[in-house]
Amino acid sequence: MALNLRQKQTECIIRMLNLNQPVNATGTANEEVYKILIYDKFCQNILSPLIHVKDLRKHGVTLYFLVDKDRKPVHDVPAVYFVQPSQINVQRIIADASCSLYDSFHLNFSSSIARPLLEDLASGTLNSESIHRISKVHDQYLEFVTLEDNLFSLAQKSSYVQLNDPSAGDREIEEIIEKIVSGLFCVLATLAVVPVIRCPRGGPAEMVASALDQRLRDHLLSKNNLFSEGGGFMSSFQRPILCIFDRNFELAIGIQHDFRYRPLVHDVLGLKLNRLSVQEEKGGMKSYELDSSDPFWVANGSLEFPEVAVEIETQLNKYKKDVDEVNRRTGGTDGAEFDGTDLIGNTKHLMNAVNVLPELTERKQVIDKHTNIATVLLGEIKERALDSYAKKENDMMVRGGIDRNELLGVLRGKGTKMDKLRFAIIYLISSDSINQAEVESVEAALRESEVDTCAFQYVKKIKSLNVSLASANSASRSNIVDWAEKLYGQSISAVTAGVKNLLSSDRQLALTRTVEALVEGKPNPEIDSYLVFDPRAPKSGAGSSHLKGPFKEAMVFMIGGGNYVEYGSLLELAQRQQPVKHIIYGTTEILTGVEFVEQLTLLGQKMGLESTCAPTSTH
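All values reported here derive from a predicted model rather than from experimental measurement.

Cut-off values and rules
Residues numbered from 1 in each chain as written. Predicted model: local features only at pLDDT ≥ 70, side-chain atom pairs only at ≥ 80, totals over all residues. Heavy atoms only, no water. Helix = DSSP H or I, 4+ residues; strand = E, 2+ residues; numbered from the N terminus. Buried < 20%, exposed > 50% of the residue type's maximum accessible area, 1.4 Å probe, protein only. Lys, Arg positive; Asp, Glu negative; His and termini not counted. Salt bridge = Lys/Arg side-chain N within 4 Å of Asp/Glu carboxyl O. Contact = heavy atoms within 4.5 Å. 1 Å grid on protein atoms, 1.4 Å probe; cavity = no way out; pocket = protein on both sides within 12 Å on 5 of 7 lines; lining within 4 Å. Points joined across faces, edges and corners; volume = space filled by probe spheres on them. Expected span 1.5 Å × (residues − 1). Arc of directions from axis to C-beta. Pairing = 2+ DSSP bridges. Right-handed = clockwise from strand over helix to strand, strands pointing away. Axes fitted to C-alpha atoms, helices over the stretch in contact; angles between N-to-C directions. Parallel < 35°, antiparallel > 145°, perpendicular 65-115°, else oblique. Left-handed = near helix turned anticlockwise from the far one by under 90°. Nonpolar A, V, L, I, M, F, W, Y, C, P; charged D, E, K, R; others polar. pLDDT = per-residue confidence, 0-100. Core = buried A, V, L, I, M, F, W, Y, C linked by side-chain atoms within 4.5 Å.

A. Up close: the environment of S388. Tracing the sequence through the fold places S388 in helix α14 (residues 386-399). Accessibility expressed as a relative area gives 26% for S388, which makes it partly exposed. Sequence-wise, S388 and F259 are 129 residues apart; in three dimensions their C-alpha atoms are separated by 9.5 Å.

Encoded structure:
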């Protein structure tokens with residue numbers, strides 16, 4: 001049984017829309033009830049990629065509003081609330097109930113509501129004599145955004161900055177870790193699986209893995225827990241593996257330019273919640289949806305851009321041929337004598353034509369959509385030389401360096417300020433050692449283009465720390481580590497470690513290589529030191545052999561921001577395996593290269609590296 005997160009989350013939402021009643025085979029409740037849906041901004045983002053307006057109508061939702069907007073009373077109608085369990089939302093619900101806005105209130109919280117908030121809700125509605133209006137209160141454990149069958153985000157902003165902020169105290173770090181654990185717990189509860197957890201030692205990955213292990217253990221102690229209804233899948237011996245990593249495990253992938261369709265659309269056109277807007281030739285903006293309902297997007301998302309352009313052309317020619325075929329069959333034959341048999345044959349062809357028209361129209365819409373997207377992308381690629389950036393960054397990562405003239409040529413050539421900054425940071429990460437003169441000339445070239453170099457300074461600082469760490473003797477090394485831990489609030493031995501070998505000759509990401517090794521479960525020096533947590537086993541037996549794999553299903557979670565490059569790489573890994581494996585990729589938030597570098601810039605400022613930062617904008 002494959003883990004399909006999108007399907008599971010959609011089922012939970014549909015049940016919620018039907019007042020948490022069982023849903024029949026057609027996907028609707030046995031008794032149709034008209035209702036109103038109230039949500040907050042966060043829960044709107046959860047619903048947006050999964051449920052469309054027509055689906056809401058199908059489930060009896062006639063009106064829908066944001067919780068913080070002023071609303072008029074609608075009598076004799078139940079209201080379904082889907083909100084985060086926050087103080088502000090609870091107060092708003094109390095106010096709505098006391099004003100008798102709706103007949104009955106079905107409250108659904110996106111994650112588990114804390115007891116003090118529940119008590120506030122009870123006392124508030126009791127005091128306003130409106131407690132009878134509260135029909136049900138449910139913890140839905142849906143606090144994550146599913147974008148594709150195997151892709152989710154916790155939509156937790158700036159977690160990389162928060163976890164690497166030198167001024168962050170233990171309490172703040174614990175709060176962020178707790179928030180991440182809560183989001184992951186929601187994902188596991190929705191799938192109804194308790195995985196075996198693996199992670200590298202140290203840093204946020206171990207913190208999250210350890211806290212999640214404890215949270216699952218505590219929860220499994222209760223009799224009717226969320227994982228007891230997992231059915232046959234849970235009772236089978238085969239469980240999924242959850243591999244947890246931190247963005248510092250492979251920093252470059254968050255920054256690099258990529259030339260494949262899915263990452264390119266995300267990075268250049270700003271794909272958000274499976275939607276994007278592009279400029280049309282006539283000047284207006286056109287909005288498109290890119291998700292699993294689009295066959296072209298599903299089939300070609302991992303192709304390089306030139307291959308996508310060829311595929312669009314192929315699909316267009318095939319469409320034209322099919323249209324010509326329909327026209328030929330329904331147009332009758334020139335000059336032929338009219339007789340009854342021809343009429344019967346012609347009628348049959350006309351019937352067929354009527355049947356295929358909707359499918360042809362749909363195909364044409366998909367082709368037009370991707371033609372428009374590809375045209376806009378091509379304009380950006382030419383203007384910014386994105387193909388050159390992608391190729392040269394890739395070469396740097398494989399070869400571990402670049403010719404100085406070529407390096408400065410790129411920094412003085414085409415591209416936005418942010419393109420140049422990203423290129424310069426990849427140069428830093430890929431170099432074996434820091435050549436001071438070369439770095440200074442890179443900084444000078446960036447300043448010439450008025451680029452804010454804070455992010456560059458930040459990565460340089462980490463890199464020099466790492467180099468001192470490698471070359472120092474054991475006594476001074478511990479001093480550096482002490483200082484670094486104060487600086488980062490976490491062990492930095494993992495930060496940019498092993499940067500040189502990020503890309504092997506077959507361009508496989510370090511993340512993908514490591515996940516493959518963890519899933520296979522064979523002895524491997526790269527992962528032998530990885531920690532193992534099994535929430536279902538007694539604590540002492542954590543090292544038992546069945547926990548090492550092999551696994552049929554895996555979940556990979558990246559703390560501090562993920563991207564479509566890693567997602568695509570893991571999809572390819574899953575398809576390459578024999579038999580085909582099933583891999584879900586999740587992250588605290590999905591970031592474009594620009595958004596991630598903005599977080600590095602912020603860290604540079606927090607570390608006081610502003611002296612070399614130009615005050616100009618980064619775009």
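B. Seen up close, the side chain of K420. Inspection of the secondary structure puts K420 in helix α16 (residues 417-430). Among buried charged residues, K420 stands out as having no salt bridge; its nearest opposite-charge side chain is E448, 8.4 Å away.

C. View of the side chain of D267. Relative to the assigned elements, D267 resides in helix α10 (residues 261-269). Take D267: its relative accessible area is 18%, and that puts it in the buried class. Setting aside its immediate chain neighbours within four residues, D267 contacts H257, R422, T592, G593 and V594.

D. Geometry of empty space enclosed by the protein. Across all of its chains, the model carries four cavities of 30 Å³ or more by this definition. In this structure, the largest cavity occupies an estimated 110 Å³ of space. Along its surface, the largest cavity is lined by 16 residues, and Q256, D267, N563, V565 and G593 are the ones closest to its centre. Of all elements in the fold, only α10 and α21 (564-576) reach the threshold of two or more residues within the lining of the largest cavity.

E. Representation of α14 in the model. If you check α14, its first and last C-alpha atoms are 20 Å apart, about what 14 residues at 1.5 Å a residue would give, namely 20 Å. Looking at α14, one finds that the buried residues are L386, Y389, A390, E393, N394, M396 and M397. Down the axis of α14, the smallest arc covering the buried residues is 160°, so these residues share one side. Exposed residues on α14 whose side chains face more than 90 degrees from its buried face are K391 and R399.

F. Region of interest: the pairing of strand β3 (residues 78-83). With six of its six residues buried, β3 lies for the most part within the structure. Alternating residues of β3 divide into P78, V80 and F82 and A79, Y81 and V83, and every residue in both groups is buried. In the sheet, strand β1 (residues 35-39) pairs with β3 via four bridges, with the strands oriented parallel. From the neighbouring strand, I38 faces β3, where its bridge partner is Y81. By the bridge criterion, six bridges tie β3 to strand β4 (residues 104-109) in an arrangement that is parallel. Counterpart to F82 in the pairing with β4 is N108. Considered for its hand, the β-α-β crossover made up of β3, helix α4 (residues 87-98) and β4 is right-handed.

G. Region of the structure containing helix α20 (residues 510-520). Across the eleven residues that make up α20, a large majority, eight, are buried. In this structure, the buried residues of α20 make contact with β8 (196-199), β9 (241-246), β13 (553-559), α21 and β14 (582-587). Backbone geometry just downstream of α20 places G521 in the positive-phi region, at approximately 75°.

H. Representation of the packing of helix α7 (residues 170-191) against helix α8 (residues 203-220) in the model. Where α7 contacts α8, the axes come no closer than 9 Å and their chain directions differ by 55°. One finds that α7 runs oblique with respect to α8. Like other packed secondary-structure pairs, α7 and α8 cross with a definite hand, here right-handed. Here α7 contributes I173, I177, E178, I180, V181, S182, L184, F185 and L188 to the contact with α8, which in turn contributes P204, M207, V208, A211, L212, R215, L216 and H219. For the contact of α7 with α8, the class distribution of residues is 13 nonpolar, two polar and two charged.

I. Fine view of the sheet that holds β3. Taken in spatial order, the five strands make up an open sheet running β2-β1-β3-β4-β5, and their pairing is parallel. Each edge of the open sheet is held by one strand with a lone partner, namely β2 (61-66) and β5 (134-139). Averaged over all neighbouring strand pairs, the angle between strand axes comes to 15°, with direction disregarded. Sheet strands touched by helix α1 (residues 5-17): β1, β2, β3 and β4. Its angle to β3, the strand with the most contacts, is close to 145°.

J. How the structure looks around the confidence of the model for the protein. For the protein, per-residue confidence averages 83 on the pLDDT scale, and 84% of positions sit at 70 or higher. Low pLDDT, under 50, characterises residues 332-341; the stretch is placed with two contacts to residues that sit more than four places away or in other chains. For the stretch residues 469-506, pLDDT sits under 50, and the model shows 75 contacts to residues farther than four places along the chain or on other chains.

K. Representation of unusual backbone geometry within the structure. Even without a glycine there, the phi angle at D76 is positive, about 60°. Tracing the backbone shows D76 in the loop between β2 and β3. Judged by its relative accessible area of 66%, D76 is exposed. Backbone geometry places L273, a non-glycine residue, at a positive phi of 50°.

L. View of the packing of α10 against α21. Their axes nearest at 9 Å, the elements α10 and α21 cross at an angle of 165°. One element, α10, and the other, α21, form an angle in the roughly antiparallel class. Judged by the sense of rotation from one axis to the other, the crossing of α10 with α21 is right-handed. Here α10 contributes R262, P263 and H266 to the contact with α21, which in turn contributes Y564, V565, Y567, G568 and L571. Its residues placed into classes, the contact of α10 with α21 shows five nonpolar, two polar and one charged.

M. Expanded view of the nonpolar core. Core analysis: the biggest nonpolar cluster contains 75 residues, and I13, F245, Y261, V265, L276, I373 and L377 have the highest contact counts within it. Looking at this core element by element, the count peaks at eight residues for helix α13 (residues 340-384). Each residue touching L276, except ones within four places of it in the same chain, is listed here: V265, L269, L271, K286, S287, Y288, L290 and I373. Within the second largest apolar cluster, 40 residues are counted, among which are L251, Y389, I402 and L446.

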